[in-house]
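Remarks on the overall topology
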Amino acid sequence: MIYVENNSTDPFYNFALEYYLITEKQLPEDQVFIFWRTEPTLMIGKYQNTIEEINEHVAKENGINVVRRITGGGTIYTDMGGWQFSFITKGVGESIDFNKYIGPVIDGLKKLDVPAEFNSRNDLVIHGKKFSGNAQCMLNGYTLHHGSLLFNTDFEQMVKCLTVDDYKIISKGIKSVKERVTNISDHLNRPVNTDTFRKLMVDSIMQGSHKEYNLTLADQDRIKTIAKEKFESWEWNYGTSPKFNITRTGRFDGGKMEFKLDVNKGKITDCHIYGDFFGTMDISVLSDALIGTNYEKESIKKAIEQCNIKHGFYNINMDELADIIC
Amino acid sequence: MKKNIQMPKLSEQMETAVLAAWNKETGDMVKKGDVLFEIETEKVVSEVESMESGVLEEIFFEAGDEIKADEIIAVINCD
């Protein structure tokens, strides 16, 4: 096993690093280990519907990153009070195995007298409360195991970001499972700061080995490119969501306007508008303009502006429509 | 000759998996080793490669469907 030190707290870069080590820079060692953390970030499972999982409004207002993982499972909130670990292992096992990756993490925690246990969802718990989520992917002949550790994470912010407005969304995306959570730092019998915790965990998992690969400038340049082209892109984070139907309703002085939308690969593919509003124009002007548009506020705003219906409907505020639709 | 493609069983306790995405469409030429589709089970995303070469003739499930282990997902015509 070889350790790759990664002090970046940019989640896009950090996911790009994993991806780079799996698809491009294949180190000769059988296993690579990385221990890293991020600025406040919402990490979406690979096959989840992003808008169904997060509170976009809270995320935008607080500058929280939104990024899709390449591993399965549900959405998690990470911040500088938590740690992430990645094992990149050559070969795809005949069958799924979480124990061989989580075992060394539990051993590390035991050295701090933390009574960590496994639960049935491959999460780690202390007295039944989750502090670590784990997921994997098998890609390009490699197994990537990715886990999170809540050490001193801001739960108030976490709850705000993951409390989704109650819109009616129907999709076949993988749904997140809400569990009670706890921070590791609340279970230590002596205070340990977050950097010391990192060192203790890395030393324990590397079992005294100092084998380390230092990323070259060329590596870092390539990782930054992957981050930008893949992990920061709207297409990856929103556009690859499974298809879904969403119903959004706006109430105006002029009446109610209800939108029923089909969204596939991030684009509106069908749109029906219902309501008791009055207008001099046919509402199909608006629905036709929305079909083919990305399900994203700016694109929707532009589509509405371009169809020139500002005065076509009585007492409906067209400027507010984009906020209602998306 | 027609070959059935089944949902692989990735662990002893796996009963079902979600067919997460198709990488091929009906009518596509498929080579042995090509990734046919991706599945997700127990928070693991896995690429499923074709064991056969031929034409992907029929697909019985779409992305998002939950499918039992060993169930037939597609047919490849190897002629």
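So, how was this worked out
- Residues numbered from 1 in each chain as written.
- Chains lettered and ligands numbered in written order.
- Predicted model: local features only at pLDDT ≥ 70, side-chain atom pairs only at ≥ 80, totals over all residues.
- Heavy atoms only, no water.
- Pairing = 2+ DSSP bridges.
- Helix = DSSP H or I, 4+ residues; strand = E, 2+ residues; numbered from the N terminus.
- Core = buried A, V, L, I, M, F, W, Y, C linked by side-chain atoms within 4.5 Å.
- Buried < 20%, exposed > 50% of the residue type's maximum accessible area, 1.4 Å probe, protein only.
- Domains from an automatic or database assignment.
- Contact = heavy atoms within 4.5 Å.
- Buried area = accessible area lost by both parts, 1.4 Å probe.
- Polar contact = N/O pair within 3.5 Å; in protein donor to acceptor, adjacent residues only side chain to side chain.
- Expected span 1.5 Å × (residues − 1).
- Salt bridge = Lys/Arg side-chain N within 4 Å of Asp/Glu carboxyl O.

1. Focus: the pairing of strand S14 (residues 244-252) of chain A
Residue and element names in this part refer to chain A. As paired elements, strand S12 (residues 168-171) and S14 share 4 bridges and run antiparallel to each other. Bridging across to S14, isoleucine 170 finds its partner in asparagine 245. Alignment of S14 against strand S15 (residues 255-264), held across 9 bridges, turns out to be antiparallel. The residue of S15 that forms the bridge with threonine 247 is lysine 260. Following S14, the chain reverses through 2 residues before pairing antiparallel with S15.

2. Quick word on the nonpolar core
Side chains of a nonpolar character, in soluble globular proteins, are inclined to be buried together. Residues and elements named next belong to chain A. Core analysis: the biggest nonpolar cluster contains 92 residues, and Phe35, Leu149, Phe197, Leu286 and Tyr295 have the highest contact counts within it. In this structure, this core is formed jointly by two domains, domain 1 (2-239) and domain 2 (244-325), each of which donates at least three residues. Not counting chain neighbours up to four residues away, the residues in contact with phenylalanine 197 comprise Phe35, Trp83, Leu109, Leu112, Leu149, Phe151, Ile184 and Val192. With 36 residues, the next largest nonpolar core counts Leu17, Tyr20, Leu144 and Ile223 among its residues.

3. Quick notes on the domain arrangement of chain A
Residues and elements named next belong to chain A. Considered domain by domain, chain A is made up of domain 1 (2-239) and domain 2 (244-325). Relative to domain 2, the C-alpha centre of domain 1 lies at a distance of 38 Å. For the pair domain 1 and domain 2, the summed buried surface comes to about 890 Å²; carbon and sulfur atoms form 58% of the total. Together, Tyr167, Lys168 and Trp234 form the three largest contributors to the area buried by domain 1 at its contact with domain 2, with a combined 49%. There are 2 residue pairs in polar contact (both at pLDDT 80 or more) connecting domain 1 and domain 2.

4. Some words on helix H6 (residues 194-206) of chain A
All names here are of chain A. With 13 residues, H6 extends 18 Å from end C-alpha to end C-alpha; this agrees with the ideal 18 Å at 1.5 Å per step. What H6 keeps buried is the set Thr194, Phe197, Arg198, Met201, Val202, Ser204, Ile205 and Met206. As for H6, its buried residues are in contact with strand S1 (2-4), strand S2 (31-36), strand S6 (82-90), helix H4 (99-110) and strand S11 (142-150). By the N-cap criterion, in which a side-chain oxygen at the helix start approaches the backbone nitrogen of a residue two or three places on, H6 is capped by asparagine 193, the distance to aspartate 195 being 3.1 Å.

5. So, the environment of alanine 289 of chain A
Residue and element names in this part refer to chain A. Within the element layout of this structure, alanine 289 appears in helix H9 (residues 284-290). Each C-alpha atom, one on alanine 289 and one on methionine 201, is 54 Å from the other, the two residues being 88 residues apart in sequence. Every residue in contact with alanine 289, bar those within four places of it in the chain, is listed here: Ala303 and Cys307.

6. Overview of the pairing of S2 of chain A
Residues and elements named next belong to chain A. In terms of burial, S2 is a largely internal element, 6 of the 6 residues being buried. Residues of S2 alternate between two faces, with Gln31, Phe33 and Phe35 on one and Val32, Ile34 and Trp36 on the opposite face, all of them buried. Pairing of S2 with S6, which is carried by 6 bridges, proceeds in the antiparallel orientation. By the bridge assignment, isoleucine 34 is partnered in S6 with serine 86.

7. Re the side chain of glutamine 136 of chain A
The residue glutamine 136 of chain A is located in strand S10 (residues 134-139) in this model. For glutamine 136 of chain A, the side chain forms a polar contact with the main-chain oxygen of aspartate 97 of chain A, separated by 3.0 Å. Non-local contacts of glutamine 136 of chain A, meaning those with residues more than four positions away in its chain, are made with Thr71, Gly72, Ile96, Asp97, Phe98, Tyr101, Thr143, Leu144 and His145 of chain A together with Lys43, Val44 and Val45 of chain B.

8. Describing the interface of chain B and chain A
With 18 residues of chain B in contact, the opposing surface of chain A contributes 23 residues. Summed over both partners, the interface of chain B with chain A comes to about 1600 Å²; 53% of that surface belongs to carbon and sulfur atoms. Note that glutamate 38 of chain B and lysine 46 of chain A form a salt bridge whose closest N and O atoms lie 2.8 Å from each other. Scanning the region where chain B abuts chain A turns up 11 residue pairs in polar contact (both at pLDDT 80 or more). At the level of secondary structure, the elements contributing two or more residues to the side of chain B that touches chain A comprise strand S2 (16-22), strand S4 (35-41) and strand S5 (44-49) of chain B. By residue number, the principal contributor to the side of chain B that touches chain A is S5 of chain B, which donates 4 residues. Here S10 of chain A runs beside S5 of chain B; their pairing, made up of 3 bridges, is parallel. Within S5 of chain B, the position partnered with glutamine 136 of chain A by the bridge is valine 44 of chain B.

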